[in-house]
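A look at the structure
Okay, here's what each chain looks like letter by letter:
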Amino acid sequence: HKVLTGIMIVIVIGIIASTGGSRDKSDNKSASSDSKSADTKKAETVTYKVNDTIKADNLEFTVTSAQEKKQVGSQYFQSNPSEGGTYVAVQWKYKNTSDKPIGTFSQPRINLVDSSGTSYDADINASSSYATELKLDRKILSDLNPGISVNDASVFEVSKDNYAKGNWSVVIKSDNKEYKININ
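Residues numbered from 1 in each chain as written. Predicted model: local features only at pLDDT ≥ 70, side-chain atom pairs only at ≥ 80, totals over all residues. Heavy atoms only, no water.

1. Observations concerning the packing of aromatic side chains
Within the structure shown, the criterion is met by 4 aromatic pairs. Ring centres of Phe 61 and Tyr 179 lie 5.3 Å apart, and the angle between their planes is 75°; this geometry places the pair in the edge-to-face category. Linking Phe 61 in strand E3 (residues 59–69) with Tyr 179 in strand E11 (residues 177–182), this pair joins segments that are 118 residues apart in sequence. Ring centres of Trp 92 and Tyr 94 lie 5.0 Å apart, and the angle between their planes is 40°; this geometry places the pair in the tilted category. Just as Trp 92 is buried, Tyr 94 falls in that class too. Taken together, the ring pairs connect Tyr 120, Tyr 163 and Trp 168 into an aromatic cluster. (Phe/Tyr/Trp six-rings, centres within 6.5 Å; stacked < 30°, edge-to-face > 60°. Helix = DSSP H or I, 4+ residues; strand = E, 2+ residues; numbered from the N terminus. Buried < 20%, exposed > 50% of the residue type's maximum accessible area, 1.4 Å probe, protein only.)

Okay, here's the thing in structure tokens:
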């Protein structure tokens, strides 16, 4: 049990680190440049589909699947959603296309977004359980070196009724930009 507990701790730390991602540095700019960058960001918004390859400044990523699940995990690490909830499991991959390593906290972040624009963070426990099910090759607390690809997944717990309404998307934040991928 000590080995399994150690592995689980490493997975949880990795998920926490991967959801930390790069932060928008526009907080230090004046209000006028903030509104200008917001207008620019709106103009740059492009919506993608599952399996589209998206090329960012230093990364290339693809959401390979997004599916509703009633349970995630393997025999020893299973997670079930709370009453009235469901899981949305998003599998994605990304590759460092730059000529320099990308640090743990600068790697992409992923959120699930509903039709009203509410953003959901990944459920760390469910994501860890799902990682054991898929046997992912994600990076945990290490740099992503040039030319390296990583398969990753995140699980989000949302209201089953809200998810049934449709119009959900995934937003990946990378290189201080947002990329929207429609999933249903």
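And the narrative resumes.
2. Observations concerning the sheet that holds strand E1 (residues 47–49)
Strand order in the open sheet formed by 5 strands is E1-E11-E10-E7-E8, and the pairing between neighbours is mixed. A single partner strand is all that each edge strand has here, and the edge strands are E1 and strand E8 (119–120). Across 6 bridges, the pairing between strand E10 (residues 169–174) and E11 is antiparallel. The partner of Ser 174 across the bridge, within E11, is Lys 177. (Pairing = 2+ DSSP bridges.)

3. Notes on the pattern of salt bridges
Here the idea is simple: oppositely charged side chains can pair when their charged atoms come close. Counting across every chain of the model gives 3 salt bridges. Taking the shortest distance from any N to any O, the salt bridge between Glu 60 and Lys 55 comes out at 3.1 Å. When its relative accessible area of 24% is taken as the criterion, Glu 60 is described as partly exposed. What makes Lys 55 exposed here is its relative accessible area of 63%. Here Asp 57 makes a salt bridge to Lys 177, at a shortest N to O gap of 3.4 Å. Highlighted residues: Asp 57 in the loop between strand E2 (53–55) and E3 and Lys 177 in strand E11, separated in sequence by 120 residues. Residue class for Lys 177 comes out partly exposed when judged on its relative accessible area of 30%. (Salt bridge = Lys/Arg side-chain N within 4 Å of Asp/Glu carboxyl O.)

4. Here we look at the sheet that holds E2
One key point about sheets: their strands pair by backbone hydrogen bonds, in either a parallel or an antiparallel sense. Strand order across the open sheet formed by 4 strands is E2-E3-E6-E9, with antiparallel pairing between neighbours. In this open sheet, the two strands that pair with only one neighbour each are E2 and strand E9 (149–159). Recorded for the sheet is a direction-independent mean angle of 25° between the axes of neighbouring strands. Of the pairings in the sheet, the one linking strand E6 (residues 85–96) to E9 comprises 11 bridges and is antiparallel in character. Note on E9: the bridge partner recorded for Tyr 87 is Glu 157. (Axes fitted to C-alpha atoms, helices over the stretch in contact; angles between N-to-C directions.)

5. Side note on the pairing of E10
Taken across its 6 residues, E10 has 5 buried, putting it largely inside the fold. Strand direction decides the pairing type here: strand E7 (residues 109–113) and E10, joined by 5 bridges, are antiparallel. Within E10, the residue paired with Leu 112 across the bridge is Val 170.

6. Thoughts on the pairing of E11
One face of the sheet, then the other: side chains in a regular strand alternate in exactly this way. Bridge count for E1 against E11 is 3 bridges, and the pairing is parallel. Bridged to Tyr 48 within E11 is Ile 181. Between E10 and the antiparallel strand that follows it, E11, lie 2 residues; Asp 175 among them carries a positive phi value of about 55°.

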